[in-house]
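# Reading the structure
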Amino acid sequence: VKMSLNTTNQRQSVLATAAGQPSLIQQVGMAGAAAVITVTFIHPIDVIKTRIQISSEYGALGMGGTTKKIVASEGVSALWKGVNAAWLRESSYTSLRLGLYEPCKVAFGCTTPETTTFVKKFAAGSAAGALGSIAGNPFDVLKTKMMATEGAVPSISNTAKDLFKNQGIGGFYRGIDSNIARAMVLNGTKMACYDQMKGIVVSATGMDKTNLLVQFLSAASAGFFMTCTVSPFDMIRTRLMNQPADARVYNNALDCFMKIVKNEGPLTLWRGFIPIWSRFAPTTTLQLVIFEQLRGFMGMKAL
């Protein structure tokens, strides 16, 4: 009887129910599901953003012109180039950076309203983002290369084979330094601003944290602040990941930053701001709202 009770308790601790705290498996699983659903609809904006960042020609065309050129020369399906790599990236990277936020908050001492400061929220989001970035970097590299390829839609397996053949295993971790920095700034801004804005909206309106409108307004606000802080890191990461195999243009993230500022001007770091915001706003809103709704469905409390 004792053994049976112990086994039951262990199962309940791994797969948390509404009566207890959500388990790590549940949190990461819900985050991954929300991310994969979201990226399926948002991916075309990411393709357009990537083309604008790597090419001054596309940059001059803007979002509308870039979209027309891609569709005219490569077909509508080209807007979903690399979506399979994006699914793998979201399943690893985003599932961890969203799912680990609450455990990281606890680790940073956010156990009561008095001890939960914006700085601690930012630190928790940054830590979760860094961990997720390490896991998702190989898929991020593949996704970036596939989105940047003009012509026929490349397969993920052939892209991976070519990358490994030309650059070895290190090719999958190209841009890892800038990607981790980007993920820390992105997730720190995203989760801290979302958490903070939710408190402000609740105080101003008197609505509950579980209210869909509260979650929508908070997530939309976080998306704007993310775009402001992340755009330079996103530009550097894209340039590093998309370097040709036979020509090393940039040595590292700092070298890339210096060369962009020197040769193209500092405002180039924010090139593609509108498409990045166009991607971040719906992505952040959908991810967080779906994540919150799935948490509620599973009996978890709101963030």
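Residues numbered from 1 in each chain as written. Predicted model: local features only at pLDDT ≥ 70, side-chain atom pairs only at ≥ 80, totals over all residues. Heavy atoms only, no water.

## A few points about helix α4 (residues 83–99)
Short version of the rule: One axis fitted to the seven residues ending at a residue, another fitted to the seven starting there: the angle between these axes is the bend at that residue. A run of H or I in DSSP counts as a helix once it spans at least four residues, and a run of E counts as a strand once it spans at least two, with each numbered from the N terminus. The classification of residues rests on relative accessible area computed with a 1.4 Å probe and restricted to protein chains. Under 20% of the type maximum is buried, over 50% is exposed, and intermediate values are partly exposed.
Of all the bends in α4, the greatest, near 35°, is centred on Glu 90. Extensive coverage of α4 is indicated by the burial of 12 of its 17 residues. Among the residues making up α4, those that are buried are Val 83, Ala 85, Ala 86, Arg 89, Glu 90, Ser 92, Tyr 93, Thr 94, Ser 95, Arg 97, Leu 98 and Gly 99.

## Considering the nonpolar core
Across soluble globular proteins, you tend to see nonpolar side chains buried next to one another. Cut-off, in case you're wondering: Here, the term nonpolar core denotes a set of buried Ala, Val, Leu, Ile, Met, Phe, Trp, Tyr and Cys residues that are joined through side-chain atoms within 4.5 Å. What makes two residues a contact is simply this: any of their non-hydrogen atoms within 4.5 Å.
Ranked by internal contacts, the top residues of the largest apolar core, which has 19 residues, are Leu 98, Met 191, Tyr 194, Leu 288, Phe 291 and Leu 303. Not counting residues up to four positions away in its chain, the partners in contact with Tyr 194 are Thr 189, Gln 215, Ser 218, Ala 219, Ala 222, Leu 288, Glu 292 and Leu 303.

## A word on the confidence of the model for the chain
Note the threshold: The pLDDT score gives, residue by residue, the confidence of the prediction method on a 0 to 100 scale.
Mean pLDDT over the chain: 85, with 92% of residues reaching 70 or higher. Mean pLDDT values for the elements of the chain range from 44 in helix α1 (residues 2–14) up to 92 in helix α10 (residues 253–264). Throughout residues 1–20 the model reports pLDDT below 50, and contacts reaching past four residues in sequence, or to other chains, amount to 11 contacts.

## Considering the packing of aromatic side chains
Rule in force here: Only Phe, Tyr and Trp rings take part, Trp by its six-membered ring, and two of them pair if their centres are within 6.5 Å. Stacked means planes under 30 degrees apart, edge-to-face means over 60, and tilted covers everything else.
If you walk through the whole model with that rule in mind, you get 3 aromatic pairs. Centre to centre, the rings of Phe 224 and Phe 225 are 5.7 Å apart; their planes meet at 70°, and the pair counts as edge-to-face. Geometrically, the ring pair formed by Phe 273 and Trp 277 is tilted, given 6.3 Å between the ring centres and 55° between the ring planes. Linking Phe 273 with Trp 277, this pair stays in helix α11 (residues 273–297), spanning 4 residues, or about one helical turn. Taken together, the ring pairs connect Phe 224, Phe 225, Phe 273 and Trp 277 into an aromatic cluster.

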